[in-house]
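Results of the structural survey
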Amino acid sequence: MADPRSAGAPTVLRVVLGKRLQDLREKAGLSFERAAAALDVTHATIRRMEKAEVGLKLPYVEKLLATYGVTDEAEIEGFLSLAREANRPGWWHRFRDVLPEWFSAFVSLESEANLIRSYQPHYVPGLLQTEDYAAAVLRAGMPHAAPADVDRIVALRMERQALLTRDNAPMLWSVMDETVLRRPIGGPKVMHDQISRLMEATELPNVRLQVMPFAAGPHPAMYGPFHIFRFPIPELPDIAYAESLVGAVYFDQRNDVSQYLEALDRMCAQAAPAHATEAILGGFRKEI
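Bear in mind that the values here come from a model prediction, so they are computed numbers and not experimental data.

Side note on the overall build of the protein chain
Secondary structure assignment for the protein chain yields 12 helices and six strands. Along the first, second and third principal axes, the C-alpha atoms of the protein chain reach 70 × 40 × 35 Å. The buried share of the protein chain, reckoned over its 288 residues, is 48%. Pairs at least 24 residues apart make up 74% of the contacts formed inside the protein chain by residues separated by at least 6 positions. In the protein chain, which carries 32 positive and 37 negative side-chain charges, the distance between the mean positions of the two groups comes to 2 Å.

So, in structure tokens, the structure goes:
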């Protein structure tokens, strides 16, 4: 996948169109150099278009389609229409003043996925956080941020949550470490309300939560949190996401993603079953 730190983090649609351009070039039997010659650009430009590292200039796209032997006018116009859409900023663009480019890519993936799986060893999943809990987490993680910036990021996080109740909402399946429920964030009331929010979420048909108890012992993902995104788009493979203090890494190679999938599958088998989660959460809430 494109480097999420590059200028203008790609939307999912731009990634898909880049892969389609690659497929057309390869089916036409053309090298990067021959495709680049048609545009009078370097081969690196073609590579960056296919990897969604740059926006799709419509004259370039139209010329490439002709070079690759695409002659059907409806197909050409359909591709150009999608390219126009792909070049439009996502709804989260208005938060660009506080949103790092590497996380813009995450929001794009999250918005288009039909399955979101994750392991959370420290905090409640962002899509299920209450406003007060989110603010407390962000203040702890961004001690030098201006209060107004924290408020903006909280607002973004709350807006992201709308995808769980939209039409064709994705499936969210998350494993939380017991630490998540025991670490006091924001004080007793904030934690009480947050656990109540999680209990409500377990009633949603598209949300599955599991708790990994301390008693379960070691598990395959003790190194840190991660997400896996799956899409209803044939051209787009599963993508794994791992975050650090200063950025993130996105994996879309089958061998890499399969290791994350295997680890998460093993953890789901090791964690308490989803049907027990509401009772487990209720027990923790009584302790607050």
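Looking at the sheet that holds strand S3 (residues 207-212)
Across the sheet, six strands lie side by side as S3-S2-S1-S4-S5-S6; this open sheet has mixed pairing. In this open sheet, the two strands that pair with only one neighbour each are S3 and strand S6 (248-251). Strand-to-strand twist across the sheet, computed as the mean angle between neighbouring axes with direction ignored, equals 15°. Taken together, the three bridges between strand S4 (residues 226-230) and strand S5 (residues 239-243) define a ladder with antiparallel strand orientation. From the neighbouring strand, isoleucine 228 faces S5, where its bridge partner is alanine 240. This element, helix H11 (residues 254-270), spans strand S1 (115-120), strand S2 (171-177), S3, S4, S5 and S6 of the sheet and lies at about 70° to S1.

Let's talk about the pattern of salt bridges
For the coordinates displayed, the defined rule picks out 14 salt bridges. Residue aspartate 238 pairs with arginine 230 through a salt bridge whose shortest N-O separation is 2.6 Å. According to the relative accessible area criterion, arginine 230 is partly exposed, its value standing at 35%. Here glutamate 262 and arginine 266 are joined by a salt bridge, their closest N and O atoms 3.2 Å apart. Of this pair, glutamate 262 and arginine 266 both sit in helix H11, separated by four residues, roughly a single helical turn.

Regarding the packing of aromatic side chains
Where two aromatic rings form a pair, the distance of their centres and the angle of their planes describe that pair. Per the counting criterion, the structure on display carries 10 aromatic pairs. Relative to tyrosine 250, the ring of tyrosine 241 lies with its centre 5.1 Å away and its plane at 65°, an arrangement referred to as edge-to-face. Residue classification places tyrosine 241 among the buried residues on the basis of a relative accessible area of 2%. Here a set of aromatic residues connected by ring pairs shows up, and it is made of Trp102, Phe103, Phe106, Phe229, Tyr241 and Tyr250. The ring of phenylalanine 32 carries the charged tip of arginine 25 above its face, separated from the ring centre by 3.9 Å. A cation over an aromatic ring shows up here: arginine 208 above the ring of tryptophan 173, its NZ or CZ 4.5 Å from the ring centre.

Things to note about the packing of helix H1 (residues 12-27) against helix H5 (residues 73-87)
As a packed pair, H1 and H5 sit with axes 9 Å apart at the nearest point and diverge in direction by 145°. Crossing angle aside, the handedness with which H1 passes H5 is left-handed. Along its contact with H1, which presents Leu13, Arg14, Leu17, Arg20, Leu21 and Leu24, the element H5 presents Phe79, Leu82, Ala83, Glu85, Ala86 and Asn87. Classifying every residue of the contact of H1 with H5 gives eight nonpolar, one polar and three charged.

Topic: the environment of glycine 283
Tracing the backbone through its elements, the reader meets glycine 283 in helix H12 (residues 277-287). Here glycine 283 falls in the partly exposed class, since its relative accessible area comes to 31%. Once the C-alpha coordinates of glycine 283 and aspartate 167 are considered, the two residues, 116 residues apart in sequence, prove to be 33 Å apart.

Here's the deal with helix H8 (residues 147-160)
Counted at 1.5 Å a residue, the expected span for H8 with its 14 residues is 20 Å, and the 20 Å between its end C-alpha atoms agrees. Every buried residue of H8 is listed here: Val150, Ile153, Val154, Leu156, Arg157 and Arg160. Angularly, the buried residues of H8 cover 155° about the axis, an arc narrow enough to put them on a single face. More than 90 degrees from the buried face of H8, the exposed residues found are Pro147 and Asp151.

The rules behind each value
- Residues numbered from 1 in each chain as written.
- Predicted model: local features only at pLDDT ≥ 70, side-chain atom pairs only at ≥ 80, totals over all residues.
- Heavy atoms only, no water.
- Helix = DSSP H or I, 4+ residues; strand = E, 2+ residues; numbered from the N terminus.
- Buried < 20%, exposed > 50% of the residue type's maximum accessible area, 1.4 Å probe, protein only.
- Contact = heavy atoms within 4.5 Å.
- Lys, Arg positive; Asp, Glu negative; His and termini not counted.
- Charge placed at Lys NZ, Arg CZ, Asp CG, Glu CD.
- Pairing = 2+ DSSP bridges.
- Axes fitted to C-alpha atoms, helices over the stretch in contact; angles between N-to-C directions.
- Salt bridge = Lys/Arg side-chain N within 4 Å of Asp/Glu carboxyl O.
- Phe/Tyr/Trp six-rings, centres within 6.5 Å; stacked < 30°, edge-to-face > 60°.
- Lys NZ or Arg CZ within 6 Å of the ring centre and 35° of its normal.
- Left-handed = near helix turned anticlockwise from the far one by under 90°.
- Nonpolar A, V, L, I, M, F, W, Y, C, P; charged D, E, K, R; others polar.
- Expected span 1.5 Å × (residues − 1).
- Arc of directions from axis to C-beta.

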